[in-house]
Amino acid sequence: MPVSPAPASYNHRVNLALLNADLHCHSNVSDGTLEPAALAARARTNGVELWALTDHDEVGGQQRARDAALALGMPYLTGTEISVSFAGMTVHIVGLGFDADDAALAAGLAATRGGREARAREMAASLAQVGIAGAYEGALQYVGNPELISRTHFARHLVEAGVCPDTNSVFRKYLTEGKPGYVPHRWAALGDAVRWITQAGGAAVIAHPGRYKFTPTEEYALFSEFVAHGGRGVEVVTGSHTPAEYEKYADMAVEFDLLASRGSDFHAPEESRTDLGALPWLPGRLTPVWEAIADRVQQP
């Protein structure tokens with residue numbers, strides 16, 4: 001894969017809001033399809049100037065991601081995306097710039113991963129009731145880490161098996177609330193996830209808030225409780241947000257005095273709507289999360 005010219009030094013950028021930072025993506029350590037090193041190369045080729053790998057409830061790919069990024073001349077932040085239950089819904093909290101070897105964080109992530117296998121078997125049983133047999137075994141073929149089997153792995157199997165033409169249509173017909181294959185899971189508490197990240201020296205960020213189907217009151221409660229627990233940022237520009245949502249969550253960042261983050265949420269070349277490094281800039285009136293945790297950025 002060709003490599004573009006080295007990015008401008010992170011430490012010498014005049015306007016850090018105009019930094020091509022991509023701080024949300026997934027490798028095959030969780031539910032992406034590419035190895036951490038391949039993701040690093042793709043990010044670098046696409047002009048990313050600051051990168052983080054944020055696998056779900058896992059830090060097992062961090063060393064490989066960091067080593068590959070630094071070898072390519074790309075500054076790196078440690079990352080993860082923790083699954084949280086809030087108001088009866090699953091919410092994701094991204095952690096950035098933490099100590100990946102922190103024992104309390106590792107224990108919390110392990111506990112969060114713990115219920116995935118039982119949930120996956122229940123999902124397969126539900127799909128079997130509508131005539132789709134062998135879904136658990138099929139999903140396992142797409143799992144790099146069996147502890148992290150997820151709906152995405154089931155979706156890839158259903159596409160390969162010819163049940164649906166693509167993963168978007170899978171999620172329209174299956175695996176979501178009220179549809180066959182949906183099984184809720186009790187994840188970490190919001191306060192626990194924020195504490196694991198912050199006590200490990202990192203910054204907690206609400207991931208893609210526009211994806212959650214909260215009422216305005218519930219969303220306000222999420223932001224309020226997040227801040228009360230020590231949360232520091234929100235993803236304003238992300239792969240699943242619309243331009244109107246960029247503005248909405250920029251306003252909420254200002255209202256709640258939160259730092260702003262930016263990330264594609266890239267999973268796979270053939271599945272993700274936004275490639276690594278392809279997002280618009282953060283609105284200039286916001287303070288980027290990477291500016292506030294600049295001392296946590298690992299330099300080449």
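The rules behind each value
- Residue positions are given per chain, counted from 1 along the sequence in the order it is written.
- Per-residue local features are limited, in this predicted model, to residues with pLDDT of at least 70; the limit for side-chain atom pairs, both in listing and counting, is 80 or more; totals at the level of whole chains, interfaces and linings are taken over all residues.
- To get the side-chain values, take all heavy atoms of the structure and skip hydrogens and water.
- The secondary structure listing takes helices from DSSP runs of H or I that are at least 4 residues long and strands from runs of E that are at least 2 residues long, numbered from the N terminus.
- By the convention used here, residues are in contact when the closest approach between their heavy atoms is within 4.5 Å.
- Computed with a 1.4 Å probe, the accessible areas rest on the Shrake-Rupley method; for each residue, only the protein chains presented here act as cover.
- A residue counts as positive if it is Lys or Arg and as negative if it is Asp or Glu; His and the chain ends are not included.
- Note on charges: their place is set at NZ of Lys, CZ of Arg, CG of Asp or CD of Glu.
- Aromatic pairs are defined between Phe, Tyr and Trp rings, using the six-membered ring for Trp, whenever the two ring centres lie within 6.5 Å; interplanar angles under 30 degrees are classed as stacked, those over 60 as edge-to-face, and all others as tilted.
- Think of it in three bands: with a 1.4 Å probe and only protein chains considered, a residue is buried below 20% of the maximum accessible area for its type, exposed above 50%, and partly exposed in between.
- The definitions used throughout rest on a 1 Å grid laid over the protein atoms alone, on which a cavity is an enclosed set of points accommodating a 1.4 Å probe that cannot get out and a pocket is an open set flanked by protein within 12 Å on both sides along at least five of seven lines; lining residues are those having an atom within 4 Å of a point.
- Grid points are joined across faces, edges and corners, and a volume is the space filled by probe spheres set on the points.
- Working definition: the arc comes from the directions between the helix axis and the C-beta atoms, pointing outward to the latter.
- We define a nonpolar core as any set of buried Ala, Val, Leu, Ile, Met, Phe, Trp, Tyr and Cys residues linked to one another through side-chain atoms lying within 4.5 Å.
- Criterion for a salt bridge: a side-chain nitrogen of Lys or Arg within 4 Å of a carboxyl oxygen of Asp or Glu.
- A pair of strands is considered paired only if DSSP assigns at least 2 bridges between the two.
- Axes here refer to lines fitted to C-alpha atoms; in helices the fit is confined to the stretch in contact. Angles between the N-to-C directions go from 0 to 180 degrees.

With that out of the way, let us pick up the overall build of the protein. In terms of helices and strands, the protein carries 11 helices and eight strands. Viewed in the frame of its principal axes, the protein has a C-alpha envelope of about 60 × 45 × 40 Å. Considering only residue pairs separated by 6 or more positions, the protein has 73% of its internal contacts joining residues 24 or more positions apart. On the protein, roughly 12,300 Å² of surface is accessible, and the fraction owed to carbon and sulfur atoms is 51%. Averaging the coordinates of the 24 positive side-chain charges in the protein and doing the same for the 35 negative ones gives two points 3 Å apart.

So, about the packing of aromatic side chains. Scanning the model with the defined rule gives six aromatic pairs in all. For the pair phenylalanine 86 and phenylalanine 214, a centre-to-centre distance of 6.0 Å together with 85° between the ring planes defines the contact as edge-to-face. With phenylalanine 86 in strand E3 (residues 79-86) and phenylalanine 214 in the loop between strand E6 (203-206) and helix H9 (216-228), this pair connects stretches of sequence that are 128 residues apart. Judged on exposure class, the residue phenylalanine 86 and its partner phenylalanine 214 are both buried.

This next bit is on the layout of surface pockets. The gaps left among the atoms become clear once a water-sized probe is rolled over them. Considering only enclosed or pocket space, the largest pocket measures out at about 1,700 Å³ in volume. Around the largest pocket, the lining comprises 44 residues; the ones closest to its centre are His92, Arg151, Phe171, Thr176 and Arg211. Counting only elements with at least two residues in the lining of the largest pocket, the list comes to E3, strand E4 (89-96), helix H4 (116-128), helix H6 (151-160) and helix H7 (167-173). No other element matches the four residues that H7 contributes to the lining of the largest pocket. Of the voids in this model, the second largest pocket is the one considered here, and its volume is about 180 Å³. Every residue lining the second largest pocket is listed: Val59, Gly60, Gln62, Gln63, Arg66, Thr78, Phe98, Asp99, Ala100, Asp101 and Gln298.

Three or more residues of helix H3 (residues 103-113) are buried, namely Leu105, Gly108, Leu109, Thr112 and Arg113. The arc that holds every buried residue of H3, seen down its axis, measures 135°, which confines them to one face. Turned more than 90 degrees from where H3 packs its buried face, Ala103 and Ala111 sit exposed. Residues of H3 that are buried in the fold lie against E3, H4, strand E5 (188-189) and helix H8 (190-199).

Right, let's get into the nonpolar core. In this structure, Leu23, Ile82, Ile93, Val236 and Val289 are the most contacted members of the largest nonpolar core, which totals 53 residues. Ranked by size, the runner-up nonpolar core spans 18 residues in total, among them Ala120, Ala135, Val143 and Ala155.

Opposite charge on two side chains permits them to pair, given that their charged atoms come into close proximity. Evaluation of the coordinates by the stated rule reveals 12 salt bridges. Residues arginine 211 and aspartate 265 are paired through a salt bridge, measuring 3.2 Å at the closest nitrogen-oxygen approach. Taken as a pair, arginine 211 in the loop between E6 and H9 and aspartate 265 in the loop between strand E8 (259-263) and helix H11 (289-292) lie far apart in primary sequence, 54 residues in all. The closest approach of N and O atoms between lysine 248 and glutamate 219, which form a salt bridge, is 3.2 Å.

Here we come to the sheet that holds E4. Sheets are built from strands paired through backbone hydrogen bonds, the pairs being either parallel or antiparallel. Taken together, six strands build an open sheet; the order of strands is E5-E3-E4-E6-E7-E8 and the sheet is mixed. Each edge of the sheet is formed by a strand with only one pairing partner; in this case those strands are E5 and E8. Inspection of the sheet shows E6 paired to strand E7 (residues 233-238) by two bridges, in the parallel sense. Bridged to valine 205 within E7 is glycine 233. Packed on one face of the sheet, H8 meets E3, E4, E5 and E6 and runs near 160° to E3.

Attention now goes to unusual backbone geometry. With a phi close to 70°, leucine 175 is a non-glycine residue in the positive phi region. Locating leucine 175 in the fold gives a position in the loop between H7 and E5. Accessibility expressed as a relative area gives 0% for leucine 175, which makes it buried. Backbone geometry at aspartate 265 places phi at a positive 60°, although glycine is not the residue there.

Time to look at the pairing of E4. The element E4 is largely enclosed, with a buried count of six among its eight residues. Counting the residues between successive antiparallel strands, the hairpin from E3 to E4 contains two residues, one of them, alanine 87, with a positive phi of roughly 55°. As judged from the four bridges shared by E4 and E6, these two strands associate in the antiparallel manner. Paired with leucine 96 across the two strands is alanine 203, which belongs to E6.

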